[in-house]
Amino acid sequence: MHTYDPIDRFVAAAVAWPDRRALEVGSEKLTYTELDRRSDHLAAQLVEQGLSGRRVAFSARRDSSWAYTVFLGLFKAGCTAVPLLPEGPLKRWRSMLEGAEVDSILAHPSPDALEVELQQAGREFNWIRMSATKDTRPFQRKPIAPDAEAYVMFTSGSTGGPKGVAVSRGNMSAYLANFLPLLDLGPTDRCSQHFALAFDLSMHDLFVTWSVGACLCVNGDLGGLRAASWARREEVTTWFAAPSQVAVMRRSRTLAQGSLPLLRLVLFCGEALPWELVEAMHTAAPKARILNLYGPTEATIAVTAYDASLPTGRSGVVPIGKPMGENTVHILPFDGLPDGEGELLLGGPQVTGGYINSKETTQKAFVQLEEPKGTWYRTGDHVRLDDQGEIQFIGRIDHQVKVLGYRVEPGEVDEALMTQLRGGNAVTVAVTLNGVVRLVSYIDVEADTTALHEHLRRSLPPAWMPERIEQMAELPRTANGKWDRTALMKMARNETA
Ligand code: AMP
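Residues numbered from 1 in each chain as written. Predicted model: local features only at pLDDT ≥ 70, side-chain atom pairs only at ≥ 80, totals over all residues. Heavy atoms only, no water.

Brief notes about unusual backbone geometry
Here is the rule: Put simply, DSSP H or I for four residues or longer makes a helix, DSSP E for two residues or longer makes a strand, and each gets a number counted from the N terminus. Buried means the residue's accessible area, taken with a 1.4 Å probe over protein chains only, is under 20% of the maximum for its type, while exposed means over 50%, and partly exposed covers the values in between.
Here the amide bond leading from glycine 88 into proline 89 is cis, since omega sits at -5°, within 30 degrees of zero. Cis rather than trans, the peptide bond between glutamate 371 and proline 372 has omega equal to -10°. Within the fold, proline 372 resides in the loop between strand S18 (366–369) and strand S19 (374–385). A positive phi is found at glutamate 101, a non-glycine position, where the angle reads about 50°. Looking at the element boundaries, glutamate 101 is found in the loop between helix H4 (90–99) and strand S5 (104–106). Residue glutamate 101 is classed as exposed on the basis of its relative accessible area, which comes to 68%.

Here it is as C-alpha cells:
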C-alpha cells in the first residue's frame, strides 16, 4: 500500500481485513468493519452539520470505543480533532477552547461530572450530540489536503498558559511514511494503547496499529502497576510507553524473567531512557526488539530512533539515535562547547506549522536558517553526537521537565501560584529521587498553602501538582539577579530525601 494518509490506511485495512479486530477497550471488541461503519456514521453527521474544516473538541476518555471512533469520524469528515484531557481541570479546558478558538464540542453520550459542569457553564459552545453507535449512514469520503489540520494538541507553556500545536494531515502521513518501513508490523499484531488521547504519542498508537490491520488494545490502567499482567492476558505483541511507566513496573517487580514472552516489539518515547530499563524489559521480553524513539509534539510524534535491542551492560541514558526516514536534524552549537554538541534542531516533513495561539512563540521556536537551509524547530534539547554518529540526549537547555511522561513547564505552575500571591513570587523546581520526578514550589510571601494547593488543583492537571509548597522570607538569587534554581533544587532534594 503506497498511501500513508492515516484514513486511507485505515479504510484500506478495513477492506483487506473486514472481520479482524480493530479495537478492544474494556468489554467492547470491534472489528474493522464495525469501527469503519461507526466512524462513517459520525463523519456523515459532521459533514451534514457543516463542520468539515472546523475544530471540534471532545473529552478524550479512554474508557470506551467512543473517543477512538470520534478521532476516525473527525478525520474522515476533514475536521480538526481537539482532544481534551478528561482529568481537566475545567479552567484549563476553557483556556484550551479559547486558545484554539473552538466553538463546537462533541458531547459524550454519558458525560462525566466535568463535562456536565462545562455544559452548564459553557452555554456559548455549540454542543454537538450525535451517536457513534450501531446505526449506519453512508458516507462519501472526499480527499483531504495534506495541509489541512488533523489535530490540535496542547503542551505546557512557561508563560501564558498551554500552547496548542496544530498538526496537519501531511505531518501525520509523513510520520507513518518515515516510521512504518522500519518495522514489520502486520494484522496479527496486538498493539498496546497506554498514552492519554490528549497527547500526541497516542496518535502513534491509533494510526500505526490501524495502518497495518492490527488490533489496538487499550490498557485503562495508566499507572502501570498491573500493566504486565494485562499485556500477558491480552496477548499484546507490541508495547509502547514512556520509560516512567516501565520504571514503575520494575520497582513493583512485575517484570520477571520471561514474563512477557509474546512481546516482539517494545517502543519507548517521551523521556530519557535509562539503560537499566532496557535491561529490565529485555529480561522480561527476551524476543522483543527494543527501540528508543525521540520527538516533540511540534515535529509530530517521533523523529529519531535508536535500536537498543541488545543491551550491553551499559549505564546512563540510551542514545536517541538518528533521524527516521526523511526527517533531518541539525545541532546548533553552543559557545565554548566542542563540535557536535548543542541544541537539537529538527527539520523535514513532520515539522508542524507551529502554535495556533501564539505567533511570537512560534517565531521563536520555528526558525529559518540559511545554512542548512530551511525551517527548523528548536527543541530546547541539549544533545551530543557520539563516536558512532548517534545522537545522545544530555538534558534541557531550559527548565522543562517530564513528570510521568507529561511535559511540564514549571513556569506554568509559578504563573498559576502567582495569581494568588498578591505580588509575591513563586519558583517551582523539579528534583528526581529514585527515578521519580517531583515538583516543589517556593514562594516568598505568607499564604495558606492548603488553599494554594486547592487553587492549583482547579487550574492544572494532576501531573503539574507540586508535592510541596514551601514559604521562604526571600527566594535566593544568583550573582546576576536571576532566581537561583540550583540552590532551590538542592534544598528541595535535601527536604525530599
Ligand atoms: P512532548 O512534546 O510531550 O512529546 O515532549 C517532547 C520532549 O520530550 C523532547 O523535547 C525531549 O525533551 C523529551 N523526550 C522525548 N523523547 C525522548 C527520549 N527518547 N529521550 C529523551 N528525551 C525525550
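Considering the sheet that holds strand S23 (residues 426–433)
To be explicit about the condition: Strand pairing follows a simple DSSP-based rule, namely that at least 2 bridges must link the two strands. Between N-to-C directions, angles span 0 to 180 degrees; the directions come from axes that are lines fitted to C-alpha atoms, helices contributing only their stretch in contact. In this description, contact between two residues means that some pair of their heavy atoms is separated by no more than 4.5 Å.
The three strands are arranged S23-S24-S25 in an open sheet whose pairing can be described as mixed. Either end of the sheet is taken by a strand with one partner, and the two such strands are S23 and strand S25 (468–471). Across the sheet, the mean angle from the axis of one strand to that of its neighbour is 30°, orientation sign disregarded. One ladder, built from four bridges, connects strand S24 (residues 436–443) with S25; its direction is parallel. Bridge pairing in S25 links valine 440 to arginine 468. Each of S24 and S25 touches helix H13 (residues 449–459); the most contacted strand, S25, lies at about 140° to it.

Digging into the site of the ligand
This is how the line gets drawn: Working definition: residue near molecule or strand if any one of its non-hydrogen atoms lies within 4 Å of it. N or O atoms closer than or at 3.5 Å make up a polar contact, with two conditions inside protein: a donor-capable atom paired with an acceptor-capable one, and, for residues adjacent in sequence, both atoms drawn from side chains. Residue burial considers only the protein chains on display, and all accessible areas are found by Shrake-Rupley using a 1.4 Å probe.
The ligand sits among 15 residues. The nearest are Leu293, Thr297, Asp381, Lys402 and Arg407. Contact between the ligand and glutamate 271: a nitrogen atom at 3.2 Å from a main-chain N or O atom of the residue. Between the ligand and lysine 402 there is a distance of 3.0 Å, counted from an oxygen atom to a side-chain nitrogen or oxygen. When isolated, the ligand has an accessible area of 500 Å², and the protein chains bury 95% of it. Put simply, the parts of the chain that give the shell around the ligand at least two residues each are strand S13 (289–294) and strand S20 (391–396). Considering every element that reaches the shell around the ligand, the biggest residue donor is S13, with three residues.

Quick look at H13
Stated formally: Note that the arc is computed from the directions linking the helix axis to the C-beta atoms.
Within H13, burial applies to Leu452, His453, His455, Leu456 and Ser459. Buried positions in H13, seen along its axis, are confined to an arc of 160° and lie on one side of it. Buried residues belonging to H13 abut H4, helix H12 (410–418), S24 and S25. The opening residue of H13 is aspartate 448, an N-cap whose side-chain oxygen sits 3.0 Å from the backbone nitrogen of threonine 450.

Looking at the environment of tryptophan 17
Here tryptophan 17 is to be found in the loop between helix H1 (6–16) and strand S1 (21–25). Each C-alpha atom of the pair tryptophan 17 and valine 212 lies 9.8 Å from the other, and the pair is 195 residues apart in sequence. With sequence-adjacent residues up to four places away left out, tryptophan 17 is seen in contact with Tyr32, Pro187, Val212 and Gly213.

Brief notes about the environment of glycine 374
Along the chain, glycine 374 falls in strand S19. In this structure glycine 374 comes out as partly exposed when scored by relative accessible area, which is 24%. Ignoring anything within four residues of it in the chain, the contact list for glycine 374 reads Val367, Gln368 and Leu369.

Focus: the layout of surface pockets
The condition that has to hold: The way it works is a 1 Å grid over only the protein atoms, where trapped points that fit a 1.4 Å probe form a cavity and open points with protein on both sides within 12 Å along at least five of seven lines form a pocket, and then any residue with an atom within 4 Å of a point lines it. Grid points are joined across faces, edges and corners, and a volume is the space filled by probe spheres set on the points. Three classes are used, and their members are as follows: Ala, Val, Leu, Ile, Met, Phe, Trp, Tyr, Cys and Pro are nonpolar, Asp, Glu, Lys and Arg are charged, and the others, Gly among them, are polar.
Taken as a whole, the second largest pocket spans an internal volume of roughly 260 Å³. Around the second largest pocket, the lining comprises 13 residues; the ones closest to its centre are Gly161, Glu412, Ala416, Ser459 and Leu460. For the lining of the second largest pocket, the elements supplying multiple residues, two or more each, are H4, H12 and H13. Looking at the lining of the second largest pocket residue by residue, the class counts come to three nonpolar, six polar and four charged.

Here we look at the pattern of salt bridges
Here the idea is simple: oppositely charged side chains can pair when their charged atoms come close. Filter applied, for reference: Whenever a carboxyl oxygen of Asp or Glu lies within 4 Å of a side-chain nitrogen of Lys or Arg, that contact is scored as a salt bridge.
Summed over all chains, the structure comprises 33 salt bridges. Notably, a salt bridge pairs arginine 407 with glutamate 298, separated by 2.7 Å at the nearest N-O pair. Residue arginine 407 is found in strand S22 (residues 406–408), and its partner glutamate 298 is found in the loop between S13 and strand S14 (304–307); the two are separated by 109 residues along the sequence. Considered together, arginine 407 and glutamate 298 belong to a single accessibility category, that of buried residues. Note that glutamate 454 is salt-bridged to arginine 458, the shortest N-O span being 3.7 Å. Highlighted residues: glutamate 454 and arginine 458, both in helix H13, separated by four residues, approximately one helical turn. Residue classification places glutamate 454 among the partly exposed positions, given a relative accessible area of 36%. You can call arginine 458 partly exposed: its relative accessible area is 48%.

Digging into the side chain of lysine 76
By the secondary structure assignment, lysine 76 is in helix H3 (residues 66–77). For lysine 76, a relative accessible area of 2% puts it in the buried group.

A few points about the nonpolar core
Put simply, the rule is: Only buried Ala, Val, Leu, Ile, Met, Phe, Trp, Tyr and Cys residues count toward a nonpolar core, and they belong to the same one when joined by side-chain atoms within 4.5 Å.
One finds Phe58, Phe75, Tyr151, Met203, Phe207, Trp210 and Leu293 to be the most contacted residues of the largest nonpolar core, which totals 85 residues. Top element by residues in this core is H3. It accounts for nine residues. Dropping the residues within four chain positions of it, tryptophan 210 is found in contact with Arg9, Phe10, Ala13, Ala22, Tyr32, Leu35, Tyr68, Leu72 and Leu216. Ranked by size, the runner-up nonpolar core spans 30 residues in total, among them Val236, Val246, Ala247 and Ala285.

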